[in-house]
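# Chains, contacts and geometry: an overview
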Amino acid sequence: MLKYLLKRLFWMVPLLIGISLVSFLIIHLAPGDITMTEAGFDPKASEESRQKLRELYNLDKPVIVQYGLWLQRMAKLDFGTSFASHQRPVFWQTKDKNGNVTPGMIQEALPITLLINVLSLGLIILVALPLGVISALTQNRLPDRAITLFVFVGFAVPGFWLALLLMYWTGVVHDWLPISGLHSQDAEHMHWLAYTWDALKHLVLPVFISALSGLAGISLFVRNGMLDVLHQDYITTARAKGLPEHTVVYGHALRNALLPLITILGLSIPGLIGGSVIAESIFAIPGMGKLFYDAVLMRDFPVIMGILTIGSALTLLGNLMADLAYAWADPRVRRGVMQ
Amino acid sequence: MRDSLSDLSHVAALTVLLAVCLSACGRAPIEPIVNYDLEYPPEYGGTMIDATRGEPSGLITMIAGESAASAVAQNIFSSLLRYDKNLEFEGELAESWAISPDQKVITFKLKPNLKWSDGKPLTSADVLFTWRLITDENTRTPYASDYKLVIKAEAPDERTFRVSYAEPYAPAVNSWAGLDILPKHLLEGKDINNTPFARNPVGSHYYKLEKWRPGEQISLVSNPLSTQGVPRIERLVSRFIPDEASQFLELMANNIDTMTLSPVQYARIFPARPELQKKFSLYKELGNSYTYLGFNLKRKPFNDARVRKAINYAIDKQELIDGVLLGMGEPVASPYKPGTRWSNPHLQPYRYDPAKAQALLEEAGFRKNKDGIMERNGKPLSFEILTNQNKQREMSAVLIQRRLKEIGIDVRIRVLEWASFIGRFIKTGDFDVVLLGWQLAIDPDQYAIWHSSQQAPGQFNFIGYKNQRVDRLLERGRMELDPDKRMRIYHEFAEILLEDSPIVYLFAGYGLQAIHKRIKGIDNPAPPAGIGHNTQDWYIPRPLRRMEISQ
């Protein structure tokens, strides 16, 4: 098992380099660079000044040389500094000799996105599992139909539209929840309990909206998985042996129906850090989705590469973890891995 | 089937019941009954909250070029000069300024006893330091070119700053109104590109930074040592809310005091909602840019002035203003803001006249072919309008396409992302017609845009305009520091430009602003400089302040 793990980890290195090279080339294939988006259309900015900027950013060098420079830094796990944002570090904070700390961009955005996505994943599992099970157990009856309707609505309703509707209803019509942002105006002066309560209130809508489509998808997934399993011979055998229904359903059927869910959860790890541009823009949340979107529009190459590299590494790790979890849960797979 | 239908109706009934119950359980926000329309005497204090779509990347404007940065920085840093409400120069840090008889030397005299917000004195050494900083080769700024023309800068005493130019350069005065003066004692010897000062600045203007919550908001508090006096509103908060609809919801919920509205919000939503009218005043002022259709003059048939004029006559500008801006804009006939001295009041935009357009095309040798398209030497009059992802421009392009179709011109539309648009098409000159915008300049110098020498890749005369008379006027205009003589030069320049029609002026939109009625002291109607010219005199009467702020 350890050998398998080491082998998988070892192969990640060339894979990551390959991914980063392709990403780097594709990003640089798009026309335009930071000097063009910053002051590309301002007559007060002369072409000579922009050329000078390009030299200072190393953008005048061939793409492959720029990639080499980037790789050199990456070997030391240095993600570089942003072009656009006063050379802020892309990943982690830096400290100058006077002790001034400049926080990293991903360092600031990641915990927020992670928190929202972990909460929404928790919500998805908490709600979708029972919904899927109930739906399967009451196939073609009222609860199943109601849940199926909910699933379709969850898929069909555009998130941004529902978000605005809920913001209007809970924030403007009724003063229940804050509309956007992460903290209230006077959050700094609050007792820590009030501060936490305030932050939680701000998170309700973003978490709900980002959970919505996942909720629909996973409950449908659980329902179908359960239905498959419930029609298997061993379930009929278990029932024939006179086992109580809840043991059949929860002890035998559910455990087996949930196996594929492990893969899905493993694959959702990169999604946890990716963030959503739309939800983060609507709720004014400074998360990873918005950071990446802004970086692409600005042609802020170090930030784009930083996020892509971390994203790819996590995707690979997520895959590995899903495989391992699957092997742990399913002896048949485990035997395959060992061989 | 019946069963499933009845099941569905049960579900629907349940949903409705739930919705009604939830609505009934809700409580309407309790708002104190205050009359916002009463007159109140000016007083100090209170907080004004606004919303911006982007977060500044830093507050040193020579490096952070974006508008979000200058919107905040203009409250923190001062320049030598500024514009008054009629867009004429007045001193900010400078008490006076004098131009030498040969127009090559400008001497600024600073006001006495100027101070930075940390209490240190602000002297001409700071101005000299800032000039050195922006012209330094290692400073990552695209805005150095105006300042690099200075051949000698000196600070002979604490209150005098003098710059010399090789040639008289009229836009120089304007450039000194655009340079934020930075403190030498905090930045000397530091790397300006990478300094914590950008996120923790010390300035000399009305406000100083109180707190920057990354990704959320910046709050400024009044600076008691301000070089200009103390502003009446004590605290300014800018929240970063990228989505316009969310901003509007925050405005409706009373959480922000002011925002820039879209034409739909201004012309449709506000008039239909009395509760909003009770709380907010609406302001409109002419914005700072105009939208135009620019021809690639190096390509046929746009090298023919008759074709350009025909297209100009064939476009109904009022239709664009009504359709795209819901009436919230004005036609323009020169690249200068109407109402300022640089705008030639005698110029009129081309009126909508399809018959004249048709006649001009026929005069240029075009005839309609069997498909109804104008054609010359077997070549149909057909071209592509390129524009970037901007809803107003896209809608304008569609309306223009329809109007041009009516006189037999076949138009295709292509919409591109900004950086690709500039890099792939503008820089290479590979386009027929572009739909874009330019600033309605405060300084009248338009050399970079219209002089025939400015056509290299990356320069701004990318449409390839060439007119010797215009060249000479532009050259004279930048050498002339006397405002009246300068005005006559630019009036003539604008007249030739309109006659030549290298671009079709489409419209200049209004800036539409909703401001909470708790904020008093705003000039309405707006002077040429806009309603924001006297924000230091705005005030919030104590009874109208928010609860959390008047504590």
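Values in this document were obtained by computation on a predicted structure and should not be read as measured data.

### Quick word on the overall build of chain B
Looking only at helices and strands, chain B features 17 helices and 21 strands. Along the first, second and third principal axes, the C-alpha set of chain B runs to 95 × 75 × 45 Å. Buried residues in chain B amount to 56% of all 551 residues. Taking contacts inside chain B between residues at least 6 apart in sequence as the whole, the part at least 24 apart equals 67%. Of the roughly 23,800 Å² that chain B leaves accessible, carbon and sulfur atoms contribute 51%. With 69 positive and 67 negative side-chain charges, chain B shows a spacing of 1 Å between the two charge centroids.

### Regarding the overall build of chain A
Across its full length, chain A holds 16 helices and 2 strands. C-alpha extents for chain A along the principal axes are approximately 85 × 60 × 40 Å. By the burial criterion, 44% of the 339 residues in chain A qualify as buried. Across chain A, contacts joining residues at least 24 apart in sequence account for 65% of those joining residues at least 6 apart. Split by element, the accessible area of chain A, about 17,200 Å² in all, is 69% carbon and sulfur. Of the charged side chains in chain A, 25 are positive and 23 negative; the average position of the first set lies 11 Å away from that of the second.

### Examining the interface of chain A and chain B
The interface of chain A with chain B comprises 62 residues on the first partner and 75 residues on the second. Summed over the shared surface of chain A and chain B, the number is 3 salt bridges. The shortest N-O distance in the salt bridge between Arg213 of chain B and Glu188 of chain A comes to 3.0 Å. Applying the counting rule to chain A against chain B returns 14 residue pairs in polar contact (both at pLDDT 80 or more). When residues of the side of chain A that touches chain B are traced back to their parent elements, those giving at least two are helix H2 (34–39), helix H3 (47–56), helix H6 (142–156), helix H7 (159–173), helix H13 (277–282) and helix H14 (288–298) of chain A. Looking at the side of chain A that touches chain B residue by residue, the class counts come to 27 nonpolar, 18 polar and 17 charged.

### Quick look at the pattern of salt bridges
Residue and element names in this part refer to chain B. Throughout the structure, instances matching the rule amount to 44 salt bridges over all chains. Ionic pairing is found between Glu154 and Arg162, a salt bridge with its closest N-O pair at 3.6 Å. In this structure, Arg299 engages Asp430 in a salt bridge whose closest nitrogen and oxygen atoms are separated by 2.9 Å. With Arg299 in the loop between strand S13 (289–295) and helix H10 (305–314) and Asp430 in the loop between helix H14 (418–426) and strand S20 (433–439), the pair connects residues that are 131 residues apart, well separated along the chain. Residue Asp430 is classed as partly exposed on the basis of its relative accessible area of 29%.

### Structural notes on the pairing of S20 of chain B
Residues and elements named next belong to chain B. For S20, the buried fraction is high: 6 of the 7 residues fall into the buried class. Where S13 meets S20, 7 bridges bridge the pair, whose relative direction is antiparallel. Residue pairing for S20: Leu293 is matched across the bridge by Leu435. Strand direction decides the pairing type here: strand S18 (residues 382–388) and S20, joined by 3 bridges, are parallel. Its bridge partner lying in S20, Ile385 is registered against Val433.

### Thoughts on the UniProt feature "transmembrane region" (unreviewed entry) in chain A
Residues and elements named next belong to chain A. Under the feature "transmembrane region" (unreviewed entry), the UniProt entry names residues 9–30, 112–134, 146–169, 203–222, 258–283 and 303–329. The straight-line gap between the two end C-alpha atoms of residues 258–283 is 33 Å; of that span, 81% is helix and 0% is strand. End-to-end, the C-alpha atoms of residues 303–329 are 38 Å apart, and along that stretch the chain is 100% helix and 0% strand.

### What about the UniProt feature "domain: ABC transmembrane type-1" (unreviewed entry) in chain A?
Residues given the UniProt feature "domain: ABC transmembrane type-1" (unreviewed entry) here are residues 110–326 of chain A. Between the C-alpha atoms that bound residues 110–326 of chain A the distance is 27 Å, and the span itself is 81% helix and 0% strand.

### A few points about the packing of aromatic side chains
For any pair of aromatic rings, the description consists of the separation of the ring centres together with the inter-plane angle of the planes. Residue and element names in this part refer to chain B. Overall, the coordinates contain 32 aromatic pairs over all chains when judged by the stated rule. Summarising the aromatic geometry, the rings of Tyr490 and Phe493 are spaced 6.2 Å apart at their centres and angled 90° between planes, so their arrangement reads as edge-to-face. Here the residue Tyr490 and the residue Phe493 both occupy positions in helix H17 (residues 483–500), the gap between them amounting to 3 residues, near one helical turn. Residue Tyr490 shares its accessibility class with Phe493, and that shared class is buried. Ring pairing ties together the aromatic residues Tyr290, Tyr292, Phe431, Trp438, Phe460, Phe462 and Tyr505, which thus form one cluster. Directly above the ring of Trp342 sits Arg341, whose terminal nitrogen or CZ lies 5.7 Å from the centroid. In this structure, Arg478 is placed above the aromatic ring of Tyr447, and the distance from its NZ or CZ to the ring centre is 4.0 Å.

### Observations regarding the sheet that holds strand S5 (residues 105–110) of chain B
Residue and element names in this part refer to chain B. Strand order in the open sheet made by the 4 strands is S4-S5-S7-S6, with antiparallel pairing throughout. Each edge of the open sheet carries a strand with a single partner, namely strand S4 (94–99) and strand S6 (150–157). Taken pair by pair, the neighbouring strands of this sheet meet at an average axis angle of 15°, ignoring direction. Here S6 pairs with strand S7 (residues 160–165) via 5 bridges, running antiparallel. Its bridge partner lying in S7, Ala153 is registered against Val163. Where helix H3 (residues 124–135) meets the sheet, it contacts S5, S6 and S7, and its direction lies at approximately 160° from that of S6.

### A closer look at the packing of H7 of chain A against helix H8 (residues 192–230) of chain A
Between two packed helices, the angle of one axis relative to the other and the distance separating the axes together describe the packing. Residue and element names in this part refer to chain A. The geometry of H7 relative to H8 is characterised by a closest axis approach of 10 Å and an angle of 150° between their N-to-C directions. Of the possible angle classes, the one that applies to H7 and H8 is roughly antiparallel. Every pair of crossing elements has a handedness; the one defined by H7 and H8 is right-handed. Across from Gly159, Leu162, Ala163, Leu166, Met167 and Thr170 in H7, the residues of H8 making contact are Leu205, Phe208, Ile209 and Leu212. Counted by class, the contact of H7 with H8 contains 8 nonpolar, 2 polar and no charged residues.

### As for a nonpolar patch on the surface
All names here are of chain A. Together, Leu2, Leu6, Leu9 and Leu317 make up a nonpolar patch on the protein surface, roughly 370 Å² of accessible area in all. The dominant element in the nonpolar patch, judged by the number of residues it contributes, is helix H1 (residues 2–29), at 3 residues. Relative to the helices and strands, Leu9 is located in helix H1. Looking at Leu9, the relative accessible area reads 37%, which means it is partly exposed.

### A short note on H3 of chain A
Residues and elements named next belong to chain A. Listing the buried residues of H3 in full gives Glu47, Ser49, Arg50, Leu53 and Arg54. An end-on view of H3 places all buried positions within 160° of arc, on one side of the element. With its phi angle positive at about 70°, Asn58 sits one or two positions after the end of H3.

### Section: the nonpolar core
Judged by nonpolar contacts, the single largest core of 115 residues is most densely connected at Tyr290, Leu293, Ile311, Trp450 and Phe462 of chain B. With 8 residues, strand S21 (residues 503–516) of chain B is the largest single contributor of residues to this core. When residues are assigned to domains, this core turns out to be shared by domain 2 (202–286 + 511–544) and domain 3 (289–509) of chain B, each giving three or more. When near neighbours in sequence (up to four residues on either side) are disregarded, Phe462 of chain B contacts Phe41 of chain A together with Tyr292, Ile426, Phe431, Val434, Leu436 and Trp438 of chain B.

### A look at the UniProt feature "domain: Solute-binding protein family" (unreviewed entry) in chain B
The sites that UniProt annotates as "domain: Solute-binding protein family" (unreviewed entry) are residues 88–453 of chain B. Secondary structure within residues 88–453 of chain B divides into 30% helix and 26% strand; the distance between the first and last C-alpha atoms comes to 30 Å.

### Thoughts on the pairing of S13 of chain B
Residues in a regular strand point their side chains to alternate faces of the sheet. Residue and element names in this part refer to chain B. Burial analysis of S13 places 6 of its 7 residues in the buried class, the great majority of the element. Judged from the 4 bridges that link them, S13 and S21 form a sheet pairing that is antiparallel. Within S21, the residue paired with Tyr292 across the bridge is Tyr505.

Cut-offs used in this document
- For every chain, the first residue of the written sequence is number 1, and numbering continues from 1 onward in sequence order.
- Whichever chain is written first becomes A and whichever ligand is written first becomes 1, with later ones labelled in order.
- At least 70 in pLDDT is required for a residue's local features to be given in this predicted model, at least 80 for side-chain atom pairs to be given and counted, and no such filter applies to totals for whole chains, interfaces and linings, which use all residues.
- Excluding hydrogens and water, the side-chain values take into account all heavy atoms of the structure.
- Put simply, DSSP marks the helices as runs of H or I at least four residues long and the strands as runs of E at least two long, and each gets a number from the N terminus on.
- Relative accessibility thresholds used throughout: buried, under 20% of the residue-type maximum; exposed, over 50%; partly exposed, between the two (1.4 Å probe, protein chains only).
- Two residues form a contact once any of their heavy atoms are found within 4.5 Å.
- Per-residue accessibility takes into account occlusion by the displayed protein chains alone, with areas from the Shrake-Rupley method and a 1.4 Å probe.
- Neither His nor the chain ends is counted toward charge; the positive residues are Lys and Arg and the negative residues Asp and Glu.
- Charged groups are reduced to one reference atom each: NZ for lysine, CZ for arginine, CG for aspartic acid, CD for glutamic acid.
- Salt bridge criterion: a side-chain nitrogen from Lys or Arg within 4 Å of a carboxyl oxygen from Asp or Glu.
- Counting of polar contacts relies on pairs of N or O atoms within 3.5 Å, with two restrictions inside protein: one atom must be capable of donating a hydrogen and the other of accepting it, and residues adjacent in sequence are counted only when both atoms are side-chain atoms.
- For this classification, the nonpolar set comprises Ala, Val, Leu, Ile, Met, Phe, Trp, Tyr, Cys and Pro, the charged set comprises Asp, Glu, Lys and Arg, and every other residue, Gly included, is treated as polar.
- Any two strands with at least two DSSP-identified bridges between them are counted as paired.
- UniProt positions are given in the numbering used here, feature names are shortened, and annotations may be inferred rather than shown by experiment.
- The rule is short: rings of Phe, Tyr and Trp, with Trp giving its six-membered ring, pair when the centres are within 6.5 Å, and they are stacked under 30 degrees, edge-to-face over 60, tilted in between.
- A ring is considered to have a charge above it if a Lys NZ or an Arg CZ atom is located within 6 Å of its centre and within 35 degrees of its normal.
- An axis is simply a line fitted to the C-alpha atoms; with a helix, the fit covers only the stretch in contact. Between two such axes, the angle follows the N-to-C directions and lies from 0 to 180 degrees.
- Should an angle lie under 35 degrees it is considered roughly parallel, over 145 roughly antiparallel, and from 65 to 115 roughly perpendicular; all remaining angles are considered oblique.
- Left-handed describes a crossing whose near helix is turned anticlockwise from the far helix through less than a right angle; right-handed describes the clockwise counterpart.
- Excluding any residue in a salt bridge, patches collect residues exceeding 30% relative accessible area, merging like charges within 9 Å and nonpolar Val, Leu, Ile, Met, Phe, Trp and Tyr side chains within 5 Å.
- The arc in question is traced by the directions running from the helix axis to the C-beta atoms.
- Here, nonpolar core means buried Ala, Val, Leu, Ile, Met, Phe, Trp, Tyr and Cys residues that are tied together by side-chain atoms lying within 4.5 Å of each other.
- Reported domain spans reflect what an automatic or database domain assignment gives.

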